[in-house]
Amino acid sequence: MRAVQVIRLDGDDRLKVVDDAPEPADPRDVIIDVHAAGVGFPDLLMTKGQYQVKPQPPFLPGLEIAGVVRSAPDGANVKPGDR
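Just so you know, these numbers come straight off a predicted model, no measurement behind them. (Residues numbered from 1 in each chain as written. Predicted model: local features only at pLDDT ≥ 70, side-chain atom pairs only at ≥ 80, totals over all residues. Heavy atoms only, no water.)

Here the amide bond leading from Pro 57 into Pro 58 is cis, since omega sits at -5 degrees, within 30 degrees of zero. On the secondary structure map, Pro 58 appears in the loop between helix H1 (41-47) and strand S4 (64-71). (Helix = DSSP H or I, 4+ residues; strand = E, 2+ residues; numbered from the N terminus.)

Shown next as structure tokens:
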């Protein structure tokens with residue numbers, strides 16, 4: 001998985017592009033192959049630790065994505081192959 005990761009909350013070098021294996025998924029998670037991601041003002045605030053949700057670094061920012069569902073648990077509102 002290639003992603004932009006927030007490694008610190010201050011300075012110009014707070015973002016880093018990483019090629020890292022994804023963490024093991026919780027069986028309740030919906031896994032999506034992301035084809036596009038939006039970046040907006042909340043994402044900027046999150047990278048500075050100024051958004052209402054304040055994850056601790058390192059974390060992957062992003063609130064808007066588009067892609068194809070790779071896997072989903074039984075009972076989910078989506079199924080593999082859904083866009």
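In this structure, the largest pocket spans a volume of roughly 1200 Å³. Considering the residues around the largest pocket, the lining is formed by 33 residues, among which Met 1, Ala 3, Val 34, Leu 60 and Pro 61 are closest to the centre. The dominant element in the lining of the largest pocket, judged by the number of residues it contributes, is strand S3 (residues 31-38), at seven residues. Partitioned by chemical class, the residues of the lining of the largest pocket number 20 nonpolar, five polar and eight charged. (1 Å grid on protein atoms, 1.4 Å probe; cavity = no way out; pocket = protein on both sides within 12 Å on 5 of 7 lines; lining within 4 Å. Points joined across faces, edges and corners; volume = space filled by probe spheres on them. Nonpolar A, V, L, I, M, F, W, Y, C, P; charged D, E, K, R; others polar.)

Another aspect to go through is a nonpolar patch on the surface. A cluster of nonpolar residues, Val 30, Ile 32, Val 34, Ile 65 and Val 78, forms a patch on the protein surface that exposes about 360 Å² of accessible area. As for its placement among the helices and strands, Val 30 is situated in the loop between strand S2 (15-19) and S3. For Val 30, a relative accessible area of 37% puts it in the partly exposed group. (Patch = residues over 30% accessible without salt bridge, like charges linked within 9 Å, V, L, I, M, F, W, Y side chains within 5 Å. Areas by Shrake-Rupley, 256 points an atom, 1.4 Å probe, with all protein chains shown as cover. Salt bridge = Lys/Arg side-chain N within 4 Å of Asp/Glu carboxyl O. Buried < 20%, exposed > 50% of the residue type's maximum accessible area, 1.4 Å probe, protein only.)

What follows deals with the environment of Lys 54. Along the chain, Lys 54 turns up in the loop between H1 and S4. With 25 residues separating them in the primary sequence, Lys 54 and Lys 79 have C-alpha atoms 31 Å apart. For Lys 54, the side chain forms a polar contact with the main-chain oxygen of Tyr 51, separated by 2.8 Å. (Polar contact = N/O pair within 3.5 Å; in protein donor to acceptor, adjacent residues only side chain to side chain.)

A few words on the environment of Gly 67. Here Gly 67 is to be found in strand S4. Of the residues examined, Gly 67 reaches a relative accessible area of 18% and is grouped as buried. Look past the residues within four positions of Gly 67 in its chain and what remains in contact with it is Ile 32, Asp 33, Val 34, His 35, Asp 82 and Arg 83. (Contact = heavy atoms within 4.5 Å.)

This paragraph deals with the confidence of the model for the protein chain. Of all residues in the protein chain, 96% have pLDDT values of 70 or greater, and the mean over the chain is 90. Within the protein chain, the element-level pLDDT minimum falls on strand S1 (residues 2-6), averaging 89, and the maximum on S4, averaging 94. (pLDDT = per-residue confidence, 0-100.)

Let us now look at the side chain of Asp 43. Within the element layout of this structure, Asp 43 appears in helix H1. Buried and without a salt bridge, Asp 43 has Arg 14 as its closest oppositely charged side chain, separated by 12 Å. Among residues more than four places away in sequence, those in contact with Asp 43 are Gly 38, Pro 61, Gly 62 and Leu 63. (Lys, Arg positive; Asp, Glu negative; His and termini not counted.)

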